[in-house]
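An overview of the molecular structure
What follows is each chain in one-letter form.
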Amino acid sequence: MFELFSPRTRSKTGSRSTPNRWDWALLPLVLGILALMAYGASQMNRPFALGEELPISLDPAYLPYYLLRTILRMFTALGFSLLFSFVFAAIAAKYRTAEKAMIPMLDILQSVPILGFQAIAIAPFIALFPGNLLGVECAAIFAIFTSQAWNMAFSLYQSMRTVPAELNEAARIFRLSGWQRFWRLELPYATPGLLWNMMMSMSGGWFFLVAAEAISVAGQDIKLPGIGSYIAVAIQAEDGRAIAWAIGAMMAGILLYDQLFFRPLLAWADKFRFEESQGDAAQQSWLLDWTRRSRWVQAVANAFWACMRRALGWFSVPYDGTSIRARVKAPDPRWTRVWDALLAAAALLATYKLVVFVHQDVGWGEVLHVLGLGGITMVRVMLLIALASVVWVPVAVWIGLRPRYSQRVQAVAQFLAAFPVNLLFPAVVYVMVAWQLNPNVWLSPLIIFGTQWYILFNVVAGASTLPNELRLAADNLGLKGWLRWRRVYLPAVFPSFITGAITASGGSWNASIVAEYVSWGKTSLVADGLGSYIKHMTELGDFHRIALGIGVMCVFVMLLNRFFWRKLYLLAEDRGR
């Protein structure tokens, strides 16, 4: 059941090469997608020199072209995010010595704002492709990657660490190597949750799209053709009509890739569920049904799966007549102590560099001020995460237990998660100015607007894998109301909730840069907090204080993850065993 590389069904007509009606129905769709990808890729790779203007028109006729460029960037970043997740999660989950450094590193990476990554990446990518627009495109793709990769990596890592004990024992009995174990057991087990996090990653890319496509380098603003740049220009021009057209284009794009990419994948991934699926209808996809009836597609798929099955023979464990060598050898404790000493030395060196930086460049008074601002933002983030959990966990469990409803809300949830908070600025500024509302209070909900969906998507994924036998047992025992939630539903989705809450928390710290400093035209509303401090120093170009703000944000996120979320995660891991 958990063999990833095996086709679900074999076409009875697979030996016949003549096309059927489903082949002819799919042919124009495939050719159209390939033609659009080729055209978009050619536009991304053309001559460009710094100082050259890339005009962005607010004419709605240009929106399909901008949408194509944006979606190409986002799917390219998603592909790299998936590869990163495979490598990162496999190493962190299998090697405890590596885990000690990699998980804190992931905490730091998800807490660094996209502005910080962009400032580092722009110059090297432009230097890598001199005189070509591809360098700027790579910088934008990298910025989108930083908004997608971390939650996918953490989701896969969490799933690999919570594989049921009986499946781990079966893998040891069958003497699966690490390579075979990953592809036959761990990745299939993690696939449903990983797919929901991929959808959330695409939505996260939309959320930070303005920052990714509107790039500043060498004192010049470069706006790449795309929906993010279109929104940035519309905000500068205070053009509400253009904002409405951008929202319509976003909705069309999300519906397209939901139908053509995510919905077929979710329907295909139903076969990777650990237990028998719930009594409700499984995920359905018209495109997946078409491809299963197509002779050409089935022939290509069968050839691909055959190659992948042969690849599973790589790095296999030789059989020596016993099961002793199949057991994982415990690491040498001496190497463990050496690694711990290296980590401690690196931490001491970083602390020394930090003290020198603070003493020489910013001053201790500024550090205390920024720490206070970080405390304000932390209170906002934790309160909003708690409120979002109270609202969305019950909703997500209800959706996850009813697959036919999850299909109906899937595209809607993706659109809401993708909705950039920048598009709310006109209404927010108008209401707050008209009613003279306090920015410290009423700007706070914007922090959680784009990140609360991490909780929804992860809990939906966790609830959808709840075994039907467990639900039937609860019915037989007469568990109802709060008792059923406390004994069955909440323990079942707890690991998924922790994954969603950790990524939502990290994303909320990033979102504070946008949410605590709101501007529309010449009107700006500022709330006290670490996000508004970083945004203000970015506008002033004060590198030292930008670095200080980002560093303090990383420290807060690491401490929260280490002493709060990590404790809950270990509790979830123990319950999953």
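Model, not experiment: these values are computed from the prediction. (Residues numbered from 1 in each chain as written. Predicted model: local features only at pLDDT ≥ 70, side-chain atom pairs only at ≥ 80, totals over all residues. Heavy atoms only, no water.)

The next thing to look at is unusual backbone geometry. Its identity is not glycine, yet Glu238 carries a phi of approximately 55°, on the positive side. Mapped onto the elements of the fold, Glu238 is located in the loop between helix H10 (227-237) and helix H11 (240-268). Accessibility expressed as a relative area gives 44% for Glu238, which makes it partly exposed. Positive phi, normally seen in glycine, also occurs at Gln436, with a value near 55°. Its place among the elements puts Gln436 in the loop between helix H17 (425-435) and helix H18 (439-442). The exposed category is assigned to Gln436, whose relative accessible area is 72%. (Helix = DSSP H or I, 4+ residues; strand = E, 2+ residues; numbered from the N terminus. Buried < 20%, exposed > 50% of the residue type's maximum accessible area, 1.4 Å probe, protein only.)

With that settled, consider a nonpolar patch on the surface. On the surface, a nonpolar cluster with roughly 750 Å² of combined accessible area is contributed by Trp24, Leu27, Val30, Leu31, Ile33, Leu34, Met37 and Trp296. Considering each element in turn, the nonpolar patch owes the most residues, seven residues, to helix H1 (residues 21-44). For Leu34, the location among the structural elements is in helix H1. (Patch = residues over 30% accessible without salt bridge, like charges linked within 9 Å, V, L, I, M, F, W, Y side chains within 5 Å. Areas by Shrake-Rupley, 256 points an atom, 1.4 Å probe, with all protein chains shown as cover. Salt bridge = Lys/Arg side-chain N within 4 Å of Asp/Glu carboxyl O.)

Detailed conclusions should not be drawn from predicted coordinates in areas where pLDDT is low. Looking at the chain as a whole, the pLDDT averages 81, with 88% of positions reaching at least 70. Confidence, expressed as mean pLDDT per element, reaches its minimum in the chain at strand S1 (residues 214-217) with 70 and its maximum at helix H2 (residues 63-94) with 94. Segment residues 1-15 is flagged for pLDDT under 50; beyond a separation of four residues in sequence, or across chains, it makes 41 contacts in the model. (pLDDT = per-residue confidence, 0-100. Contact = heavy atoms within 4.5 Å.)

Moving on: the packing of H2 against helix H8 (residues 178-207). Where H2 contacts H8, the axes come no closer than 10 Å and their chain directions differ by 140°. Taken as a pair, H2 and H8 cross one another with a handedness that is right-handed. Across from Leu67, Thr70, Met74, Phe75, Leu78, Leu82, Phe86, Ala90 and Lys94 in H2, the residues of H8 making contact are Gly178, Arg181, Phe182, Trp183, Glu186, Leu187, Leu194, Met198, Ser201, Met202, Gly205 and Trp206. A per-class count over the contact of H2 with H8 returns 14 nonpolar, four polar and three charged. (Axes fitted to C-alpha atoms, helices over the stretch in contact; angles between N-to-C directions. Left-handed = near helix turned anticlockwise from the far one by under 90°. Nonpolar A, V, L, I, M, F, W, Y, C, P; charged D, E, K, R; others polar.)

This next bit is on the nonpolar core. With 152 residues, the main nonpolar core has Trp206, Ile227, Ile231 and Leu456 as its most contacted residues. The dominant element in this core, judged by the number of residues it contributes, is H2, at 15 residues. Judged by nonpolar contacts, the second largest core, of 11 residues, contains Ile122, Leu133, Ala139 and Leu224. (Core = buried A, V, L, I, M, F, W, Y, C linked by side-chain atoms within 4.5 Å.)

Attention now goes to the pattern of salt bridges. Scanning the model with the defined rule gives 12 salt bridges in all. Linking Arg181 and Glu186 is a salt bridge whose minimum nitrogen-to-oxygen distance equals 2.9 Å. Residue Glu366 is joined to Arg545 by a salt bridge in which the shortest nitrogen-to-oxygen separation is 3.5 Å. Of the two residues, Glu366 sits in helix H15 (residues 364-400) while Arg545 sits in helix H24 (residues 543-576), which places them 179 residues apart along the sequence. On the basis of relative accessibility, which here comes to 22%, the residue Arg545 falls in the partly exposed class. Counted as one network, the salt bridges with shared partners bring together Arg69, Arg73, Glu137 and Glu213.

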